Amino acid sequence: MNENRGPGHKKGKILMAGRLDGKVALITGAARGQGRSHAVRLAQDGADVIAVDICRQIDSVAYPLATPADLARTEADVRDAAALRAAVASGLARLGAVDIVVANAGIGMMSEDASEEQAFRDQVEVNLFGVWNTVQAAAAVMIEQGRGGAIVLTGSTLGLVGRGGNGRGGSDGYCASKHAIVGLGRTWAHWLAPHNIRVNSVHPAGANTPMVINEAVAKLFASAPASSGADVGNLLDVQLIEAVDVSNAIAWLVSDEARYVTGVALPVDAGYTAK
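Presented here is an overview of the structure given in this document. (Residues numbered from 1 in each chain as written. Predicted model: local features only at pLDDT ≥ 70, side-chain atom pairs only at ≥ 80, totals over all residues. Heavy atoms only, no water.)

### Examining the packing of aromatic side chains
For the coordinates displayed, the defined rule picks out one aromatic pair. Positioned over the ring face of Tyr272 is Arg163, at 4.4 Å from the centre of the ring. (Phe/Tyr/Trp six-rings, centres within 6.5 Å; stacked < 30°, edge-to-face > 60°. Lys NZ or Arg CZ within 6 Å of the ring centre and 35° of its normal.)

### Things to note about the packing of helix α2 (residues 81–95) against helix α3 (residues 116–145)
Two elements in contact, α2 and α3, have axes whose closest approach is 9 Å; the angle formed by their N-to-C orientations is 35 degrees. Once α2 is placed against α3, the crossing between them reads as right-handed. For the pair formed by α2 and α3, the contact residues are Ala81, Leu84, Arg85, Val88 and Leu92 on the first element and Gly130, Asn133, Thr134, Ala137, Val141 and Gln145 on the second. Within the contact of α2 with α3, the residues separate by chemical class into six nonpolar, four polar and one charged. (Axes fitted to C-alpha atoms, helices over the stretch in contact; angles between N-to-C directions. Helix = DSSP H or I, 4+ residues; strand = E, 2+ residues; numbered from the N terminus. Left-handed = near helix turned anticlockwise from the far one by under 90°. Contact = heavy atoms within 4.5 Å. Nonpolar A, V, L, I, M, F, W, Y, C, P; charged D, E, K, R; others polar.)

### Some words on the sheet that holds strand β3 (residues 24–28)
Taken in spatial order, the six strands line up as β4-β3-β5-β6-β7-β8 in an open sheet, and their pairing is parallel. With partners counted over all chains shown, the strands left at the sheet margins are β4 (48–52) and β8 (265–268), one partner each. This sheet shows a mean twist of 20 degrees between the axes of neighbouring strands, independent of strand direction. Sheet topology places β3 next to strand β5 (residues 100–103); three bridges connect them, and they run parallel. Paired with Ile27 across the two strands is Val102, which belongs to β5. In the packing of helix α1 (residues 33–44) onto the sheet, the strands contacted are β3, β4, β5, β6 (149–154) and β7 (197–204), and the crossing angle to β3 comes to about 170 degrees. Sheet strands touched by helix α6 (residues 243–253): β5, β6, β7 and β8. Its angle to β7, the strand with the most contacts, is close to 165 degrees. (Pairing = 2+ DSSP bridges.)

### Observations concerning the pattern of salt bridges
Going through the model one piece at a time under the given rule, you end up with eight salt bridges. Salt-bridge contacts for Asp99 lead to Arg147; the nearest nitrogen and oxygen are separated by 2.6 Å. Of this pair, Asp99 sits in the loop between α2 and β5 while Arg147 sits in the loop between α3 and β6, and the two are 48 residues apart along the sequence. Residue Asp99 is classed as buried on the basis of its relative accessible area, which comes to 2%. For Arg147, a relative accessible area of 44% translates into the label partly exposed. Via salt bridges that share partners, Arg19, Arg41, Asp45 and Glu257 belong to a single interconnected network. (Salt bridge = Lys/Arg side-chain N within 4 Å of Asp/Glu carboxyl O. Buried < 20%, exposed > 50% of the residue type's maximum accessible area, 1.4 Å probe, protein only.)

This is the structure we're talking about:
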């Protein structure tokens, strides 16, 4: 997907138009929600975008995932390493390089019909193995290019605090995978620093996207006791952040303005992790 590049000014806010000119970004989970927002924002800054999404349902997930109508160009399951390598190769053939990776694809609320074992496995395979597969598919190309680059992994506030798990396969798998994102980001920062490739992670609070705004999550919040930690209460006066708030952080992290920022786990959480 190659979005039209936006103007330098929009709604009174200055966008650093052109700061990613000549760059190519690979973004997973890009059909909608945060991934779609990231793709649009990086395109506004001048990047060409290789957009990847599964575009079909995973049976254990409690809410509808992206469809082919959401993303007409590139379909790949991040659990499938070969499919990701093929997506990167296709992008290279058309755009000539990969400079930025945003490993964003992930799942949240699991279906009540899923077994605990399947729920845990699917969480870890998408949210952790999928991130590993994405970076492995792109890193060798970035190293060979010899022009540096930037990688951002999408974590969660629940990967930075002790809340969220409750002994169930879905919630435990989500928290475990998001905690692991922090470790991967830090160790990959060491791995790739000699090649001038920076690696950071972002950790959003609850965001106004289909992963959170759906019937399954609404039912959970309505039935959960106040002591469960299910609420997404933030220090700042906002219930849910917007996807663009995360996109703005990523746009900075992958730009030259953050050229010496690596190995950082950055909360974008309206103060959630400070509580």
